[in-house]
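What the coordinates show
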Amino acid sequence: GAGVSQSPRYKVAKRGQDVALRCDPISGHVSLFWYQQALGQGPEFLTYFQNEAQLDKSGLPSDRFFAERPEGSVSTLKIQRTQQEDSAVYLCATRTGGSRNEQFFGPGTRLTVL
Amino acid sequence: GIQVEQSPPDLILQEGANSTLRCNFSDSVNNLQWFHQNPWGQLINLFYIPSGTKQNGRLSATTVATERYSLLYISSSQTTDSGVYFCAVGLYKLSFGAGTTVTVRA
């Protein structure tokens, strides 16, 4: 597709469940980022991939959060044993990897943990 | 990390008015982007502007990298300009400001 796509768009989980959020990048985009946006705030960085290599995971809030991009294209953000404080919108962004650093965002996945 | 401050936090405009949004940041960066977040949460790219001045229709932006600030100008505002405007800066990962919520009244 022409843009970054994410699925599901909405996810409701019971506390303690595991969830998996998917990001399909723009074709050919080397770099992929995950951000978390709490209600009423700006997005915050979670993790960064260049191709299949996870180069920065400093923003992941706990070891319950895990991200992968095994073939350097589609990425999955997994949250184990979800907690209420994990409720947020999870945004994926990609960029070409060349000298132009512009990032393009997907529509996000809204996660609600009950 | 890089600190990003946006002002004002809220802006109420009458349709047709002009406005200026400001973004200050704490460190040297090679990426600065302005986004408009629509009511459905989608971040729409407005400008990629690590330095200089750009214009796109009724919107324009200026970044003075040496003084670590950027300005977004909205001219002849329309109700469709309502929403949250974010400034984001960084070297690879982006640090976002808290946003400016713009409300344009008919």
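Re the overall build of chain A
Scanning chain A from N- to C-terminus turns up zero helices and eleven strands. Relative to a compact globule of 114 residues, whose C-alpha radius of gyration would be 13 Å, chain A shows 13 Å and is just as compact. Projecting the C-alpha coordinates of chain A onto the three principal axes gives extents of approximately 40 × 25 × 25 Å. In chain A, the share of contacts with a sequence separation of at least 24, taken over all contacts with a separation of at least 6, comes to 53%. With the model as given, the accessible surface of chain A reaches about 5,600 Å², and the carbon-plus-sulfur share is 46%. When the 13 positive and 11 negative side-chain charges of chain A are each reduced to one mean point, those points stand 5 Å apart.

Focus: the nonpolar core
Among the nonpolar cores identified, the biggest contains 22 residues, and Leu21, Trp34, Leu72 and Val89 of chain B are the most heavily contacted of them. Counting residues per element, the ones that place at least two in this core are β2 (10-14), β3 (19-25), β4 (31-37), β5 (43-48), β7 (59-64), β8 (69-74), β9 (83-90) and β11 (100-105) of chain B. Ala13, Phe65, Leu77 and Cys92 of chain A belong to the second largest nonpolar core, which has 20 residues in total.

Considerations on the state of the cysteines
Under the definition given, this model contains two disulfides over all chains. In this model, Cys23 of chain A is linked to Cys92 of chain A through a disulfide, with the two sulfur atoms separated by 1.9 Å. Judged by the sign of its S-S torsion, about -65°, the bond between Cys23 of chain A and Cys92 of chain A is left-handed. Here Cys23 of chain A, found in strand β3 (residues 19-24), pairs with Cys92 of chain A, found in strand β9 (residues 88-95); they are 69 residues apart in sequence, far enough to count as distant. The pair formed by Cys23 of chain A and Cys92 of chain A is uniform in burial state, with each residue classed as buried. Each disulfide pairs two cysteine sulfurs, and for Cys23 of chain B the partner residue is Cys87 of chain B, the sulfurs being separated by 2.0 Å. Because the sign of the S-S torsion sets the handedness, a value of about -60° for the bond joining Cys23 of chain B and Cys87 of chain B places this disulfide among the left-handed ones. Placement of the pair is Cys23 of chain B in strand β3 and Cys87 of chain B in strand β9, with a sequence separation of 64 residues. With respect to class, Cys23 of chain B is no different from Cys87 of chain B; both count as buried.

Side note on the environment of Ala2 of chain A
You can see Ala2 of chain A is positioned in the segment before β1 (5-7). Since its relative accessible area comes to 79%, Ala2 of chain A is described here as exposed.

Things to note about the environment of Gln37 of chain B
Relative to the elements of secondary structure, Gln37 of chain B occurs in strand β4. Taking the relative accessible area as the measure of exposure, Gln37 of chain B reaches 11% and is therefore buried. Separated by 45 residues in the primary sequence, Gln37 of chain B and Ser82 of chain B place their C-alpha atoms 9.3 Å from one another. The contacts of Gln37 of chain B, once residues within four sequence positions are left out, are Gln37 of chain A together with Gln42, Leu43, Gly83, Val84 and Phe86 of chain B. At 2.8 Å, the side chain of Gln37 of chain B and the backbone oxygen of Gly41 of chain B are in polar contact.

Some details on the packing of aromatic side chains
Applying the stated criterion across every chain yields a total of eleven aromatic pairs over all chains. With centroids separated by 6.0 Å and ring planes inclined at 80°, the aromatic side chains of Phe105 of chain A and Phe96 of chain B adopt a geometry described as edge-to-face. In this pair, Phe105 of chain A sits in strand β10 (residues 104-105) while Phe96 of chain B sits in strand β10 (residues 94-96), so the two residues belong to two different chains. Aromatic pair Phe86 of chain B and Phe96 of chain B: ring centres 6.0 Å apart, planes at 80°, arrangement edge-to-face. Here Phe96 of chain B lies in strand β10 and Phe86 of chain B lies in strand β9, a separation of ten residues in the sequence. Assessed through its relative accessible area of 2%, Phe86 of chain B is described here as buried. Residue Phe96 of chain B is classed as buried on the basis of its relative accessible area, which comes to 12%. Ring-pair connections join several aromatic residues into one group, and the members of that group are Phe33, Tyr35, Phe45, Tyr48 and Phe105 of chain A together with Phe35, Phe86, Tyr92 and Phe96 of chain B. Against the face of Tyr69 of chain B rests Arg22 of chain B, its NZ or CZ located 4.3 Å from the ring centre.

Cut-offs applied
Residues numbered from 1 in each chain as written. Chains lettered and ligands numbered in written order. Predicted model: local features only at pLDDT ≥ 70, side-chain atom pairs only at ≥ 80, totals over all residues. Heavy atoms only, no water. Helix = DSSP H or I, 4+ residues; strand = E, 2+ residues; numbered from the N terminus. Rg over C-alpha atoms; globule rule 2.2 N^0.38 Å. Contact = heavy atoms within 4.5 Å. Areas by Shrake-Rupley, 256 points an atom, 1.4 Å probe, with all protein chains shown as cover. Lys, Arg positive; Asp, Glu negative; His and termini not counted. Charge placed at Lys NZ, Arg CZ, Asp CG, Glu CD. Core = buried A, V, L, I, M, F, W, Y, C linked by side-chain atoms within 4.5 Å. Buried < 20%, exposed > 50% of the residue type's maximum accessible area, 1.4 Å probe, protein only. Disulfide = S-S within 2.5 Å. Polar contact = N/O pair within 3.5 Å; in protein donor to acceptor, adjacent residues only side chain to side chain. Phe/Tyr/Trp six-rings, centres within 6.5 Å; stacked < 30°, edge-to-face > 60°. Lys NZ or Arg CZ within 6 Å of the ring centre and 35° of its normal.

Limitation: the analysis is restricted to geometry and does not speak to function.
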